[in-house]
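Secondary and tertiary structure notes
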Amino acid sequence: MSKFNVDTLVRDNVKGLKPYSSARDEYVSDGTKMVFLDANENPFENGVNRYPDPQQRSLKAVWADLKGIAQENILLGNGSDEVLDLLFRAFCEPNRDNIITLPPTYGMYKVLSGINAVENREVLLTDDFQPNIPAIIQAMDSNSKLLFICSPNNPTGNSISEETITALLQNFKGLVVIDEAYIDFSSKESWVSKLTEYDNLIVTQTLSKAYGMAGIRLGICMASKAVIAVLNKIKPPYNVNGLTQLKALERVLDKKSVTTEVANILSNRKVLIDALQTIPFVNTIYPSDANFVLVKVDDATKRYQQLIKEGVVIRNRNSQPLCDNCLRLTIGTSGENETLIEKLKSLITK
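As the structure is a computational prediction, the values presented were derived from the model and not from experiment. (Residues numbered from 1 in each chain as written. Predicted model: local features only at pLDDT ≥ 70, side-chain atom pairs only at ≥ 80, totals over all residues. Heavy atoms only, no water.)

1. Topic: the overall build of the protein
The line we're drawing: The secondary structure listing takes helices from DSSP runs of H or I that are at least 4 residues long and strands from runs of E that are at least 2 residues long, numbered from the N terminus. In this description the radius of gyration comes from C-alpha coordinates, and the expected globular size is given by 2.2 Å times residues to the power 0.38. Whether a residue is buried, partly exposed or exposed follows from its accessible area with a 1.4 Å probe, protein chains only, as a fraction of its type maximum: under 20%, in between, or over 50%, in that order. The contact rule is simple, with two residues in contact once any of their heavy atoms fall within 4.5 Å. Areas reported as accessible are Shrake-Rupley estimates using a 1.4 Å probe. Residue values count occlusion only from the protein chains shown.
Tallying secondary structure elements over the protein gives 12 helices and 11 strands in all. Over its C-alpha atoms the protein spans a radius of gyration of 22 Å, differing by no more than 12% from the 20 Å that the globule rule assigns to 350 residues. By its C-alpha atoms, the protein is 70 × 50 × 30 Å across when sized along the principal axes. Out of the 350 residues belonging to the protein, those deemed buried represent 50%. Pairs at least 24 apart in sequence give 69% of the contacts found in the protein among residues at least 6 apart. When the accessible surface of the protein is totalled, it reaches about 16,600 Å², and 51% of it is carbon and sulfur.

Structural data, given as structure tokens:
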């Protein structure tokens, strides 16, 4: 592709913005014992009386090593939703620019477009849940700044083909954001490995799914150094708190536990899919590269409400495009899986 210049996409007010410099930006500790009287903190130690590292250096160092990239290619956020919001605020001029999303997909893209007064141009996936490249090309114009691709996709569970994403990276004039929240459950290679090939590529991941850290809110953005530099200009100085940094670092370093849990989820996914094939009111089981399975049933609302009465909460996706009468089933523990299967079987005659 031709040379991509991210500066052409940055909002004018952001280009001239001087980021806030916090006390912990101006003096970075090297571990030497110091008397800190620079940040107006409460001096009485309780474990959280000091401001956290605004650049999360220790955590970034471990994550960079894990992903084979530089720390300068990483931005951490208060969940992936903050990362996504920063992209809007950095690159999309309110009431002028637009984004392109591919429903059915993660709902926050649309919510954030509304919050930031940015037009959301929706291009439905094809019947096999793949992007419609000609329709996307037709929908974009000179003000199309962001294209969101969720892969594996939520709620459909499938991965987007490499050929399709490559074509979009080569033809979309803005930034292509690949949301890989569920990549750890897939056999497909992460697009992080392609960051050096495409300057307009942004990959987001999270600790909420495979790492089991949904409660600490930690999202990761990986992109060119130029893109990350822009986002660092506008992020809040202490957007990732100290407790989150500590717990995230512990979990990322515990590779064995994460690997074991992912393998368990994948094994339980197969058990659930096999069982679903025996349920008469399940009409279609869609392929999944995620920690959930999308199924089409005879009456999604009826089956959802029946399971609620049986003490099992799933997600009714019936209202989403291309998801008529579809339920999304998250893969639980072996015991939770067995309960779900048992309850589904009990509904056969109801």
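2. Some thoughts on the sheet that holds strand β10 (residues 315-316)
How we decide: Paired strands, as defined in this entry, are two strands with at least two bridges between them according to DSSP.
Across the sheet, 4 strands lie side by side as β8-β9-β11-β10; this open sheet has antiparallel pairing. Where the open sheet ends on each side, the last strands, each with one partner, are β8 (282-285) and β10. As paired strands, β8 and strand β9 (residues 292-297) are joined by 3 bridges and run antiparallel to one another. Its bridge partner being in β9, Val 282 is matched across the sheet by Val 297.

3. A short note on the side chain of Gln 245
Within the secondary structure, Gln 245 sits in helix α9 (residues 242-253). What Gln 245 contacts, discounting residues up to four positions off in sequence, is Pro 52, Asp 53, Gln 56, Leu 59 and Val 240.

4. Here's the deal with the sheet that holds strand β3 (residues 119-122)
Where we set the bar: The angle between two axes is taken between their N-to-C directions and runs from 0 to 180 degrees, where each axis is a line fitted to C-alpha atoms and a helix contributes only its stretch in contact.
With respect to topology, 7 strands assemble into an open sheet ordered β1-β7-β6-β5-β4-β2-β3, the strand pairing being mixed. Strands with a single pairing partner mark the edges of an open sheet, and in this sheet they are β1 (74-77) and β3. Direction aside, neighbouring strands of the sheet carry axes that sit 25° apart on average. As paired elements, strand β2 (residues 98-101) and β3 share 4 bridges and run parallel to each other.

5. Quick word on unusual backbone geometry
Each neighbour pair has its own omega, and for Ser 151 with Pro 152 the value is -5°, a cis peptide bond. Counting through the fold element by element, Pro 152 comes out in the loop between β4 (144-150) and α7 (162-171). The phi torsion at Ala 117 lies on the positive side, around 55°, for a residue other than glycine. Tracing the backbone through its elements, the reader meets Ala 117 in the loop between α5 (108-115) and β3.

6. Quick notes on the pairing of strand β11 (residues 326-330)
The element β11 is extensively covered by neighbouring structure, given that 4 of its 5 residues are classed as buried. Both β9 and β11 contribute to a ladder of 5 bridges, which runs antiparallel. Each residue of the ladder has a partner; that of Val 293, found in β11, is Leu 329. Inspection of the sheet shows β10 paired to β11 by 2 bridges, in the antiparallel sense. Within the sheet, the bridge partner assigned to Arg 315 lies in β11 and is Arg 328.

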